[in-house]
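# Close look at the chain arrangement
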Amino acid sequence: GSLSFGDLLATKEQRDETARLSKKIIAGTVLFGLAAGFMETFGSDPGMASTPTVLASLLLLVLFCIASLQLLGVSLGKAGDPAGKTGGAVDGPLDGVYRLAVLVMMAGFLFVPVLGSFGVPGEAIVLAGYLGLTFVLVSLFLVMAKITGQDAAVSFARGFAALYAGELAGIACGNGIELLEPAGQVPYAVAAFAGLAALYAYLLFTERDFRALSVIVRDADRFDDACRLIASEHGLSKREAEILPLALKGRTGERIAAEFFISKSTVDTHLRRIYVKTGTHGRQELIDLGERTSQDLARRG
């Protein structure tokens, strides 16, 4: 069968870790959607004015974005430090944003029964955190597409299907709880279930998982760097440089041809030229060259 990037430049443990993290991301996404669905039903009696909640959420989202940009700047600065200076694993740039988004959501859940009496809707805080969290999830879907070699559109579809499936389930369950509540009482049970779902999602996909994902992404970036270095050192043409990563990932000639809308014979011609320019004699030697180049980059980094 065809080889994936993980088969070439990652250990079996890393491939297993990628599969595990992918499942945890999807499960966490469903739970975050469930929490959002619960909150959408909280206090949503017909005729209630929703504009104040939306405005408050937008204001909090702006503040969240400002804080996130600062966190990203700090994290990217740390990522640029040599490993010897940090003395340990470097956090990924999204770690802090993920933590902040969940913190905002949890604060909203905790203050729902408190802030309402002061005219500040707790659900607005939850919504702001959820919107910020959606940004993190979008980034995670893109990251997983990059690591697994999956089409970004497929990764997006899978991720958001999980998110909205959870949200629909939350709306259905929330409405069911509200139907059981005595008339005139605020269904705080809905907010409680939403908070538990968000908390469990955070415990399921933790910041440690984020760091593990960052390591795998770093290896994927190194693969891209290795491809660029090989293309530069061996004078590959633009089309040959485009075909090289797919060849290193074990793609068949037919699949490469479909990727670029060219004939298989044209792909075979490009592959023969790549072998000649790189001094290799077939796909396996080319893969070995890619692995050596990646390992050299790892030692330099």
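About the criteria used
Residues numbered from 1 in each chain as written. Predicted model: local features only at pLDDT ≥ 70, side-chain atom pairs only at ≥ 80, totals over all residues. Heavy atoms only, no water. 1 Å grid on protein atoms, 1.4 Å probe; cavity = no way out; pocket = protein on both sides within 12 Å on 5 of 7 lines; lining within 4 Å. Points joined across faces, edges and corners; volume = space filled by probe spheres on them. Helix = DSSP H or I, 4+ residues; strand = E, 2+ residues; numbered from the N terminus. Nonpolar A, V, L, I, M, F, W, Y, C, P; charged D, E, K, R; others polar. Patch = residues over 30% accessible without salt bridge, like charges linked within 9 Å, V, L, I, M, F, W, Y side chains within 5 Å. Areas by Shrake-Rupley, 256 points an atom, 1.4 Å probe, with all protein chains shown as cover. Salt bridge = Lys/Arg side-chain N within 4 Å of Asp/Glu carboxyl O. Core = buried A, V, L, I, M, F, W, Y, C linked by side-chain atoms within 4.5 Å. Buried < 20%, exposed > 50% of the residue type's maximum accessible area, 1.4 Å probe, protein only. Contact = heavy atoms within 4.5 Å. Phe/Tyr/Trp six-rings, centres within 6.5 Å; stacked < 30°, edge-to-face > 60°.

### A look at empty space enclosed by the protein
Within this structure, the stated rule accounts for one cavity of 30 Å³ or more. The space that makes up the largest cavity amounts to roughly 30 Å³. Residue lining of the largest cavity: Lys 24, Ile 25, Gly 28, Thr 29, Phe 32, Tyr 98, Leu 137, Leu 140 and Phe 205, and that is the complete set. Sorting the residues of the lining of the largest cavity by element identifies helix H2 (12-41) and helix H6 (122-148) as the ones contributing at least two each. Here the lining of the largest cavity takes five residues from H2, the largest share from any one element. Looking at the lining of the largest cavity, its residues break down into six nonpolar, two polar and one charged.

### Observations regarding a nonpolar patch on the surface
Taken together, the side chains of Phe 193, Leu 196, Leu 199 and Leu 203 make up a nonpolar region of the molecular surface, amounting to roughly 400 Å² of accessible area. Relative to the elements of secondary structure, Leu 203 occurs in helix H8 (residues 188-204).

### Comments concerning the nonpolar core
Judged by nonpolar contacts, the single largest core of 40 residues is most densely connected at Phe 32, Tyr 98, Met 105, Phe 109, Leu 133 and Leu 140. Contributing elements (two or more residues each) for this core: H2, helix H5 (95-115), H6, helix H7 (152-180), H8 and helix H9 (207-233). In contact with Leu 133, other than residues within four places in its own chain, are Phe 32, Tyr 98, Ala 101, Val 102 and Met 105. Judged by nonpolar contacts, the second largest core, of 20 residues, contains Ile 230, Ile 256, Tyr 275 and Leu 286.

### Details of the packing of aromatic side chains
Applying the stated criterion to the full structure yields eight aromatic pairs. Note on Tyr 98 and Tyr 202: the rings are 5.6 Å apart at their centroids and 40 degrees apart in plane angle, and the pair reads as tilted. Taken together, the residues Tyr 98 in helix H5 and Tyr 202 in helix H8 connect sequence positions 104 residues apart. Both rings, one in Phe 141 and one in Phe 160, keep their centres 5.4 Å apart while their planes meet at 75 degrees; by these two values the pair is edge-to-face. Highlighted residues: Phe 141 in helix H6 and Phe 160 in helix H7, separated in sequence by 19 residues.

### Quick notes on the pattern of salt bridges
One pass over the full model with this rule turns up six salt bridges. Close ionic contact of Lys 277 with Glu 240 constitutes a salt bridge, the shortest N to O distance being 2.8 Å. Placement of Lys 277 in helix H12 (residues 264-278) and of Glu 240 in helix H10 (residues 238-248) is noted, with a sequence separation of 37 residues between them. On the accessibility criterion, Lys 277 (35% relative accessible area) is partly exposed. For Glu 240, a relative accessible area of 2% gives the class buried. One connected set of salt bridges, linked through shared partners, spans Arg 20, Lys 24 and Asp 209.

Keep in mind that these numbers describe shape and distance, not what the molecule does.
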